[in-house]
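Single-letter residue listing:
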Amino acid sequence: MPDRNTLILIDGSSWLYRAFHALPPLNAADGQATGAVFGMGNMLRKLLREYQPRHIAVIFDPRGKTTRHARYADYKANRPPVPEDLESQFPLIKELIAGLGLPMLQIEGVEADDVIGTLARQAAAKGWQALVVTGDKDMAQLVDEQVQLLDTMKDRTLGREAVIEKFGVPPERIVEYLALMGDSSDNIPGIPKVGPKTAAKWLQQYGSLDELVARADEVSGKIGESLRAHLDVLPLSRELATIDCEISLPLKPEELTPQPANTEGLRALYQRLGFHRWLADLDPDAKADTQADDSQGGQAKPPASASFPSAASFEDAQYHCVLDEATLDDLVRKLEAAPLICVDTETDALDSMQAGLVGLSFAVEAGEAWYIPVAHDYLGAPKQLSWQQVRAKLKPLLEDPERPKLGQHIKYDLNVLKRHGVDVAGVRYDTMLESYVLNSTATRHDMDSLSEKYLGHSTIKFEDVAGKGKKQLSFNQIDLERAAQYAAEDADVTLRLHQALLPSLQQVPSLAKLLDEIEMPLVPVLAQMEQNGVRLDKAQLAKISQEIAERMAELEQQVTQAAGTPFNLNSPAQLQEILYDKLKLPILGKTPKGQPSTAENVLEQLAGEHPLPKLLLEYRGLAKLRSTYTEKLPDMINPHTGRVHTSYHQAVAVTGRLSSSEPNLQNIPVRTDEGRRIRQAFTADKGNVLLSVDYSQIELRLMAHLSGDAGLVRAFKEGKDIHRATAAEVFGLPLDEVTGEQRRAAKAINFGLIYGMSAFGLARQLDIERGEAGDYMKKFFERYPGVKEFMERTKQQAREQGYVETLFGRRLYLPDIHSRNAAVRQYAERTAINAPLQGSAADLIKKAMVELQAWLSAEYAGIRMTMQVHDELVFEGPETILASIARPIAERMCKAARLSVPLQADYGLGPNWDAAHEGTDHVRLGPWS
């Protein structure tokens, strides 16, 4: 609690925008956006609870122009208009602040910074302390012995030393620091090419801005030239960056006292917005609908999660550091008696396939946890149990499939422990996946975010114990006392999250089933795939990289010839000058700052106007392939295994699709010659081959099943080429008279529908008139009326229930489905149509992976599943065995779901991924009703 004479000044405008962008779009039952109100309200409530202030005010920027516009007409000229969904929340936020009884200031013509600066200085003049609550770096200039900043997002207070640590300059130099950098968001001019590091370095070297200006001739290089060329902007920049602390205000610091809350007003507001938990806090005896979820504002509500335990419940937690065998034995006895074991590992690196194990933490009851260090090796580190000693005691427990295990992103722990001699079994729950299945869009699914949302608890952050930047320590270098608190809290928080999330999932049997039968069984499958990895031919990649470099050099010469002058192909500014000033090409798009665009979609449109854009597009495509794959992939080969081990992510794509990173296998191009050659570098070990099995047109088959459209269902049942069949329907032709161009148009329509493509988008893709594209789509819906009915029915369901579902019960919540912003609402409608298709396809291949891994482990242990990319699975093994089971694998994939149309899986074998992917064999099974 602050001292009696402390004034808390909240930068309402800063808080408001941070709250708006920090949360997913949220809506009340009537469609009113509520995310900014909810986010800012949570921060206000927490601040009031923790600080119980006696003097406080919330300050907002005024509407319209301010005194700085009078000094500089272009001040904030580049700022985009306030988002409609945020604009509509301003009155609600002010109503909330008034209801809480907090003084609020919004002075016409005066920015919030100047009001806050004036009040802070007035408070300091009285001998008070001032705490400025903001995330705005400009406010750092106010810091002194009596004024500090509080960044609630990072739960951090900044005094003088913290300002120096963060910015590299003391508070009295912040204005000069800002003047040098300028501010693009406020359109404050600065010195071009000068960023935070350069600004800080100059001020450290020369002591002040005035001294830097006086000695500008000493600054060398291009940056020095830029400084000297723009010295004239510095006085204005400094003036605009300076907070005016002498504003005439209607209230004095001692008058800024909170008043009793207007309980009835708040109750009416919370009911209107659907903030049911806030209602419960307001009146614990009120019988509000606590089954609703605040974050959805009463609309599109996911299952209720358990009520927040108070943050104070963590204060009494007992965290133990296990340093001797007696304590370890005591812990083992507790683990043996526990119905569920929560486990977490601490390592010295992020790559689970190379990280060293530093320690393990365990929890079996909320409020108590243990950390077992095994490899802290800093100077003076206490003696620890060896991993061999610890493993001997824990291995039987961790490898017992009858003892359920819990973790947060437990796949990482499985990989680490497997490499250290423990093959964990009995993995039953993962809080990351519990949150993801409960509501994939409600929050990020990392432990810190989940703790804030579901427990109301701010966790110890890694940076808090390890430091930041170049000075950051690896976990083995962290002091044991701090390490134990951090690691044990991880296990404790994970267990508490599980206790909060599981009951919510169990309210919806389909979600509980999805977690139990697909997501959780998939965890060890993905862990095994990551451990398997895939072999890369470094020589092949080097050869491809060299050839791409040679082609890029040729293209650079051709671009120079087409432009009539040499220029930097990687410079948007120089390209802009060539395209629009020299070649006079039409301006088809602009950047957010109003400059003619050189983006890829614009270059594609300009390709018909001049040869230069087409050459540039090819150059950019090759440059991306080279930097992302041919140059980078060899560095990703694990030195211990000689293979590349990607990481698969279950809780990223909101529709349920898997993604991968390091490397991202999902984005390796398949339709270009260079992309196919990169796939040729993914090879099998000597004596082995690769098998690729790929679902054919899975989302279109799901569209046929879900829509029940007679024409689509019939086409798939008869085994027709679906794109040719669609072309025949749309163009009114016999199948054998459909041209290649007509089939291409039909393919664009088929896939465009799944992703909600408009007539405008189809016209661009096919390079035809918009009216002609509209006619194609009209004919399609006339021929396949069931598809149109499905699309309209799905959108209506989304409006009524706030979510759509996959075949397997996965939900995607759509809070924007009632947005008053037409563009946002239409995007939500397109998502509503696509999500059941893409999500069902994702669930289908996940289900197939679980079943295939179980079968292969039991019958063909030498066959490894190595990659999953979209609708494709890749296996590696001896050619004779893999050839004999290729068709059974494809058949099992086709039996993973029972649809009203046949499922088809294409497969092939080869020495590398590209060769296998080009296989022409297929299995088509079904339909099943």
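Report on the accompanying structure. Each chain carries its own residue numbering, running from 1 in the written order of its sequence. Since the coordinates come from a predicted model, pLDDT governs what is reported: local features require at least 70, and pairs of side-chain atoms require 80 or more to be given and counted, while whole-chain, interface and lining totals use all residues. Excluded from the side-chain calculations are hydrogens and water; all other atoms, namely the structure's heavy atoms, are used.

Observations regarding the overall build of the protein chain
Keep this limit in mind: Only DSSP runs of H or I reaching four residues or more are called helices, and only runs of E reaching two or more are called strands; each is numbered from the N terminus. With C-alpha atoms as the basis for the radius of gyration, the globule rule is written as 2.2 Å multiplied by the number of residues raised to the power 0.38. Accessible area is worked out with a 1.4 Å probe on protein chains only. A residue is then buried under 20% of its type maximum, exposed over 50%, and partly exposed in between. Only heavy atoms enter the contact rule, under which two residues are in contact if any of them lie within 4.5 Å. The protein chains shown are the only cover counted for residues, whose accessible areas, like all others here, come from Shrake-Rupley with a 1.4 Å probe. Charge assignment in this entry is limited to Lys and Arg as positive and Asp and Glu as negative, and neither His nor the chain termini are counted. One atom stands in for each charge, and that atom is NZ of Lys, CZ of Arg, CG of Asp or CD of Glu.
When its secondary structure is counted, the protein chain shows 37 helices and 24 strands. Its C-alpha radius of gyration of 31 Å places the protein chain within 12% of the 30 Å reference for a compact globule of 929 residues. Out of the 929 residues belonging to the protein chain, those deemed buried represent 53%. Summarising the internal contacts of the protein chain: among those between residues at least 6 apart in sequence, 67% fall at separations of at least 24. Element-wise, carbon and sulfur atoms account for 48% of the exposed surface of the protein chain, whose accessible area totals about 40,400 Å². Here the protein chain carries 105 positive and 128 negative side-chain charges, and the mean point of each set is 3 Å from the other.

Remarks on the sheet that holds strand 22 (residues 872–878)
Threshold: Strand pairing is assigned whenever DSSP identifies at least 2 bridges connecting the two strands. To get an axis, a line is fitted to the C-alpha atoms, and for a helix only the part in contact is used. The angle between two axes follows their N-to-C directions and goes from 0 to 180 degrees.
Spatial ordering of the open sheet is given by 21-22-18-23-24, a layout of five strands whose pairing is antiparallel. Each edge of the open sheet is held by one strand with a lone partner, namely strand 21 (864–869) and strand 24 (921–925). Ignoring strand direction, the axes of neighbouring strands in this sheet form an average angle of 20°. Sheet topology places strand 21 next to strand 22; five bridges connect them, and they run antiparallel. Looking at strand 22, one finds that Arg-864 is bridged to Glu-876. Helix-sheet contacts for helix 35 (residues 822–859) involve strand 18 (688–695), strand 21, strand 22 and strand 23 (903–910), and the interaxial angle to strand 22 is about 15°.

Observations regarding unusual backbone geometry
Look at the link from Glu-662 to Pro-663: it is a cis peptide, with omega at 0°. Relative to the helices and strands, Pro-663 resides in the loop between strand 16 (659–661) and helix 27 (673–680). Despite not being glycine, His-409 has its phi angle at roughly 55°, a positive value. Looking at the element boundaries, His-409 is found in the loop between strand 11 (405–407) and helix 17 (410–419). Of the residues examined, His-409 reaches a relative accessible area of 30% and is grouped as partly exposed. Residues other than glycine seldom take positive phi values, yet Gln-697 does so here, at roughly 50°.

Quick look at the pairing of strand 1 (residues 6–11)
When you tally the buried positions in strand 1, you get six out of six residues, the bulk of the element. Burial of strand 1 is two-sided: the residues Thr-6, Ile-8 and Ile-10 facing one way and the residues Leu-7, Leu-9 and Asp-11 facing the other way are all buried. Here five bridges tie strand 1 to strand 2 (residues 55–59), and the two strands are oriented parallel to one another. Considered in strand 2, the bridge of Ile-10 is made with Val-58.

Observations concerning the packing of aromatic side chains
Stated precisely, the cut-off is as follows: Pairs were defined over the aromatic rings of Phe, Tyr and Trp, the Trp ring being its six-membered one, requiring ring centres within 6.5 Å. Orientation was assigned from the angle between planes: stacked under 30 degrees, edge-to-face over 60, tilted for the rest. Here, a charge over a ring means that NZ of Lys or CZ of Arg falls within 6 Å of the ring centre while also lying within 35 degrees of the ring normal.
The final tally for this structure, using the stated rule, is 15 aromatic pairs. Each ring, one from Phe-462 and one from Phe-475, has its centre 6.4 Å from the other, and the planes form 25°; the classification is stacked. Of the two residues, Phe-462 sits in helix 20 (residues 462–466) while Phe-475 sits in the loop between helix 20 and helix 21 (480–506), which places them 13 residues apart along the sequence. Note on Phe-462: relative accessible area 28%, which makes it partly exposed. Given a relative accessible area of 1%, Phe-475 falls into the buried group. On the basis of an interplanar angle of 45° and a centroid distance of 5.7 Å, the ring pair of Phe-475 and Tyr-486 is categorised as tilted. A residue pair is termed long-range when its members are at least 10 positions apart, and Phe-475 in the loop between helix 20 and helix 21 and Tyr-486 in helix 21 qualify at eleven residues. A relative accessible area of 11% places Tyr-486 in the buried class. Here the aromatic cluster, defined as three or more aromatic residues joined through ring pairs, consists of Phe-38, Tyr-270, Phe-275 and Trp-278. Seen from the ring of Tyr-454, Lys-453 lies directly overhead, with NZ or CZ sitting 5.5 Å from the centre. Arg-892 extends its terminal NZ or CZ atom over the ring of Trp-855, reaching a point 3.8 Å from the ring centre.

Section: a negative patch on the surface
Condition: Note that patches include only residues with greater than 30% relative accessible area and no salt bridge, and the join distances are 9 Å for like charges and 5 Å for nonpolar side chains (Val, Leu, Ile, Met, Phe, Trp, Tyr). A pair is scored as a salt bridge if a Lys or Arg side-chain nitrogen falls within 4 Å of a carboxyl oxygen belonging to Asp or Glu.
Taken together, the side chains of Asp-767, Glu-769, Glu-772 and Asp-775 present a region of like negative charge at the surface. Of note, Asp-767 is situated in the loop between helix 32 (759–766) and helix 33 (770–783). Take Asp-767: its relative accessible area is 71%, and that puts it in the exposed class.

Quick word on the nonpolar core
The condition that has to hold: In this description, a nonpolar core means a group of buried Ala, Val, Leu, Ile, Met, Phe, Trp, Tyr and Cys residues linked to one another through side-chain atoms lying within 4.5 Å.
Ranked by internal contacts, the top residues of the largest apolar core, which has 112 residues, are Phe-682, Val-693, Val-787, Met-849, Phe-875 and Ile-889. Per-element tally for this core: the top contributor is helix 35, with eleven residues. For Phe-682, the contacting residues outside a window of four places in its chain are Val-534, Arg-535, Leu-536, Leu-633, Leu-665, Ile-668, Leu-690, Met-867, Asn-912 and Trp-913. Formed by 67 residues, the second largest nonpolar core is a distinct cluster that contains Tyr-436, Met-447, Leu-505 and Ala-527.

Things to note about the pattern of salt bridges
Inspection of every chain in the model, using the stated rule, returns 45 salt bridges. Glu-211 is the salt-bridge partner of Arg-215, the closest N and O atoms lying 3.4 Å from each other. Residue classification places Glu-211 among the partly exposed positions, given a relative accessible area of 32%. For Arg-783, the salt bridge goes to Glu-729, with nearest N and O atoms at 3.9 Å. Of the two residues, Arg-783 is situated in helix 33 and Glu-729 in helix 30 (residues 722–731); the sequence distance between them amounts to 54 residues.

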